[in-house]
Amino acid sequence: MRRSILSAFCIAVLPLLLCPILLSAGTKGADPKAAPAKPQNEGERLFAVNCGRCHQPPMSISPRTTGTIIMHMRTRARLSRQDEQALLKFMAP
Amino acid sequence: MKPWWIGTCILLTTCWASAQNPDTDHTEAGHVPVLSSTFGYIHNVNGGVTSLEPQAEEVLLVPFGSHVLLESRAEFVGFFQRENQTTGPFTGKVFKSVDYAQLDWLANTHVIATAGAFLLPYGLYNERLGPLWIRNLQDSPITDAIGTRPNGVGDGVMLRGNAYETPAYSIQYSAYFSTRSSINQLEASRLAGGDTSIFLKGARLEVGESFQHTLQEHQINSSGTYVSWQPEEFPLDLKAEFDRSFNGEGYWLESAYKLSQVPVKPAFFSRVQLVPRVQQFHPLNGGGNSLPRKNTQQFDIGLNYYFRDNFRLVSSYGRQFSQQANANVWNAGFTYRFIWPLWPGRK
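All of the points below concern the structure found in this document.

Thresholds, definitions, all that
- Residues numbered from 1 in each chain as written.
- Chains lettered and ligands numbered in written order.
- Predicted model: local features only at pLDDT ≥ 70, side-chain atom pairs only at ≥ 80, totals over all residues.
- Heavy atoms only, no water.
- Helix = DSSP H or I, 4+ residues; strand = E, 2+ residues; numbered from the N terminus.
- Rg over C-alpha atoms; globule rule 2.2 N^0.38 Å.
- Contact = heavy atoms within 4.5 Å.
- Buried area = accessible area lost by both parts, 1.4 Å probe.
- Salt bridge = Lys/Arg side-chain N within 4 Å of Asp/Glu carboxyl O.
- Polar contact = N/O pair within 3.5 Å; in protein donor to acceptor, adjacent residues only side chain to side chain.
- Phe/Tyr/Trp six-rings, centres within 6.5 Å; stacked < 30°, edge-to-face > 60°.
- Lys NZ or Arg CZ within 6 Å of the ring centre and 35° of its normal.
- Expected span 1.5 Å × (residues − 1).
- Buried < 20%, exposed > 50% of the residue type's maximum accessible area, 1.4 Å probe, protein only.
- 1 Å grid on protein atoms, 1.4 Å probe; cavity = no way out; pocket = protein on both sides within 12 Å on 5 of 7 lines; lining within 4 Å.
- Points joined across faces, edges and corners; volume = space filled by probe spheres on them.
- Nonpolar A, V, L, I, M, F, W, Y, C, P; charged D, E, K, R; others polar.
- Axes fitted to C-alpha atoms, helices over the stretch in contact; angles between N-to-C directions.
- Parallel < 35°, antiparallel > 145°, perpendicular 65-115°, else oblique.
- Pairing = 2+ DSSP bridges.

## Thoughts on the overall build of chain B
Then step 1. When you go through chain B residue by residue, the secondary structure sums to three helices and 16 strands.
Then step 2. Taking 347 residues into account, the globule formula puts the C-alpha radius of gyration at 20 Å, and chain B, at 21 Å, falls close to it.
Then step 3. Each principal axis of the C-alpha distribution contributes one length, and for chain B these read about 60 × 55 × 50 Å.
Then step 4. Intrachain contacts of chain B at a sequence separation of at least 6 include 52% that bridge at least 24 residues.

Next comes the structure, spelled out in structure tokens:
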């Protein structure tokens, strides 16, 4: 079992870990859009960090539904009250 | 009383409650009832047998102010196969189910109390990665059956929340008790369990542990250990889980990589996602209980294309190696999700 775990790791993970590292080394200074954009503020950072733990962060949510969606996400992701407020200010300022 | 009349009363009450909500005065965020719909179609070929699987998932969210939330998910899954598996016309049926229906009270940072039929917070998959629009590969891992019998739902109460938080890390917890139920659509086992995880914010690394003890019949213990990592430098999402129960043990390891770093055609490649997954299962005590009875290994490779964050094409190829029989598994289709406010408000 231990040997097959090792070979599974080699098959699934190593190529994908090496691939972005090699690609980022090859494109350094060429295209700044290639790397993930750095978040501008705390709400944006929390948005990227917390949503990205499970799914692609959604880009378009209407402000009138934002409060409800964030309540749902706070329950699922077990977010703190402070994080909820920061996300609300970022998504529906 | 008719269900539509009860639904109308709930909608009217929640809109009144959201108008009284003092917590959102300083943002434009609205608390109106929301319907989140996902539609998908998967063309599946497993060991030469084709099945057509149109699917719809409807999530209803009804807030009462900013501290109480009623949430429910209904699922409609069509399953159509040829009459003689490989020949003849397609026949089948549409399965309808209520996945969960729960009431949440968001008391504070540390405590969220839930009552009703809730998704069991076991491992990474059942509660978090299960929805059609989230899963990177359409087939669930083999070990998804551990800790989620009979249908991934518990009927009872659950406490969860953020136990402790610093700027560097946060610790989350869930603890639940479910009673035995044979009510149609709400079947559940009598069991107790919990889940805890630590999330390192700088590294974007989460490590967690789930535990469950069934309080009926064989009194089975199940445990799962999982890791989730999304490095900031690369568009990579790495997830792994090891599960063990009376009926078997196994692991799955999945990495999803968006090809946005490919130096050519960035507009195209930034929408392409590559998803390899490896899994292995070893039965204990004869296996069963929705788990294979023989040693099974499977390798999948998925290729997804995102037109938008809510609309994507999905495809995958898998090869299953089992002591019973080896098989190829093909999937191709799409998923589309939209969010629909059920009450007018500020746009």
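## Some thoughts on the interface of chain B and chain A
Then step 1. Each partner contributes residues to the interface: chain B has 81 residues there, and chain A has 58 residues.
Then step 2. Each partner contributes to the roughly 5,900 Å² buried at the junction of chain B and chain A, and carbon and sulfur atoms together form 61% of this total.
Then step 3. Together, B:L106, B:Q261 and B:D309 form the three largest contributors to the area buried by chain B at its contact with chain A, with a combined 9%.
Then step 4. If you look at where chain B meets chain A, you find four salt bridges.

## Some words on the side chain of B:N126
Residue and element names in this part refer to chain B.
Then step 1. Mapped onto the secondary structure, N126 falls in helix α2 (residues 125-129).
Then step 2. Of the polar contacts made by the side chain of N126, one reaches the backbone oxygen of L120; its length is 3.0 Å.
Then step 3. Filtering out sequence-adjacent residues up to four positions away, N126 remains in contact with L119, L120, D144, T148 and G152.

## Some remarks on the packing of aromatic side chains
Then step 1. Across all of its chains, the model carries 13 aromatic pairs over all chains by this definition.
Then step 2. With centroids separated by 5.5 Å and ring planes inclined at 55°, the aromatic side chains of A:F47 and A:F90 adopt a geometry described as tilted. Separated by 43 residues along the polypeptide, A:F47 in helix α3 (residues 42-51) and A:F90 in helix α5 (residues 81-91) bring together distant segments of the chain.
Then step 3. Grouped by ring-pair contacts, the aromatic residues B:F39, B:F268, B:F269, B:Y305, B:F307, B:F311, B:F334, B:Y336 and B:F338 constitute a single cluster.
Then step 4. The aromatic ring of B:F199 is capped on one face by A:R53, whose charged end is 4.1 Å from the ring centroid.
Then step 5. One Lys or Arg, B:R337, reaches over the ring of B:W133 and ends 3.8 Å from the middle of that ring.

## Let's talk about helix α4 (residues 63-77) of chain A
All names here are of chain A.
Then step 1. Over its 15 residues, α4 runs 20 Å from end to end, which matches the ideal 21 Å to within 8%, given 1.5 Å per residue.
Then step 2. Within α4, 12 of the 15 residues are buried, leaving the element largely enclosed by the surrounding structure.
Then step 3. Those residues of α4 that sit buried are R64, T65, T66, G67, T68, I69, I70, M71, H72, R74, T75 and R76.
Then step 4. Just past α4, the residue R78 takes up positive phi, approximately 55°.

## What about the pattern of salt bridges?
Then step 1. Scanning the model with the defined rule gives 16 salt bridges over all chains in all.
Then step 2. In this structure, B:D195 engages A:R78 in a salt bridge whose closest nitrogen and oxygen atoms are separated by 3.0 Å. One end of the pair, B:D195, is in strand β8 (residues 191-200); the other, A:R78, is in the loop between α4 and α5, on a second chain. For the pair B:D195 and A:R78, one class covers both residues: buried.
Then step 3. Linked by salt bridges that have partners in common, A:R76, B:E71, B:E127 and B:R160 make up one network.

## Focus on empty space enclosed by the protein
Then step 1. If you walk through the whole model with that rule in mind, you get seven cavities of 30 Å³ or more.
Then step 2. In this structure, the largest cavity spans a volume of roughly 560 Å³.
Then step 3. Lining the largest cavity are 36 residues, and of these A:H55, A:H72, A:M73, A:R76 and B:I134 lie nearest its centre.
Then step 4. Mapped onto the lining of the largest cavity, the elements with two or more residues apiece are α3, α4 and α5 of chain A together with β1 (34-46), β2 (49-64), α2 and β16 (327-341) of chain B.
Then step 5. With six residues, α4(A) is the largest single contributor of residues to the lining of the largest cavity.
Then step 6. Considered class by class, the residues forming the lining of the largest cavity number 20 nonpolar, six polar and 10 charged.
Then step 7. Each pocket or cavity is described by its volume, and for the second largest cavity that value is around 90 Å³.

## With respect to the packing of α3(A) against α5(A)
Each pair of packed helices gets described by two things: the angle between the helix axes and the distance between those axes.
Residues and elements named next belong to chain A.
Then step 1. At a minimum axis separation of 8 Å, α3 and α5 run at an interaxial angle of 110°. Taken together, the axes of α3 and α5 are roughly perpendicular relative to one another. Packed against α3, whose contacting residues are G43, E44, L46, F47 and N50, the element α5 presents D83, A86, L87, F90 and M91 at the interface.
Then step 2. Classifying every residue of the contact of α3 with α5 gives six nonpolar, two polar and two charged.

## Here we look at the pairing of strand β11 (residues 236-245) of chain B
Residue and element names in this part refer to chain B.
Then step 1. Extensive coverage of β11 is indicated by the burial of seven of its 10 residues.
Then step 2. Both strand β10 (residues 221-229) and β11 contribute to a ladder of seven bridges, which runs antiparallel. Residue pairing across strands places W229 opposite L238, the latter belonging to β11.
Then step 3. In sequence, β10 turns back onto β11 through a hairpin of six residues.
Then step 4. As defined by bridge partners, β11 adjoins strand β12 (residues 248-258) across 10 bridges and the pair is classed as antiparallel. Pairing of D237 across the sheet is with A256, part of β12.
Then step 5. Count of turn residues in the β11/β12 antiparallel hairpin: two residues.

Note that all results are geometric; they support no functional claim without further evidence.
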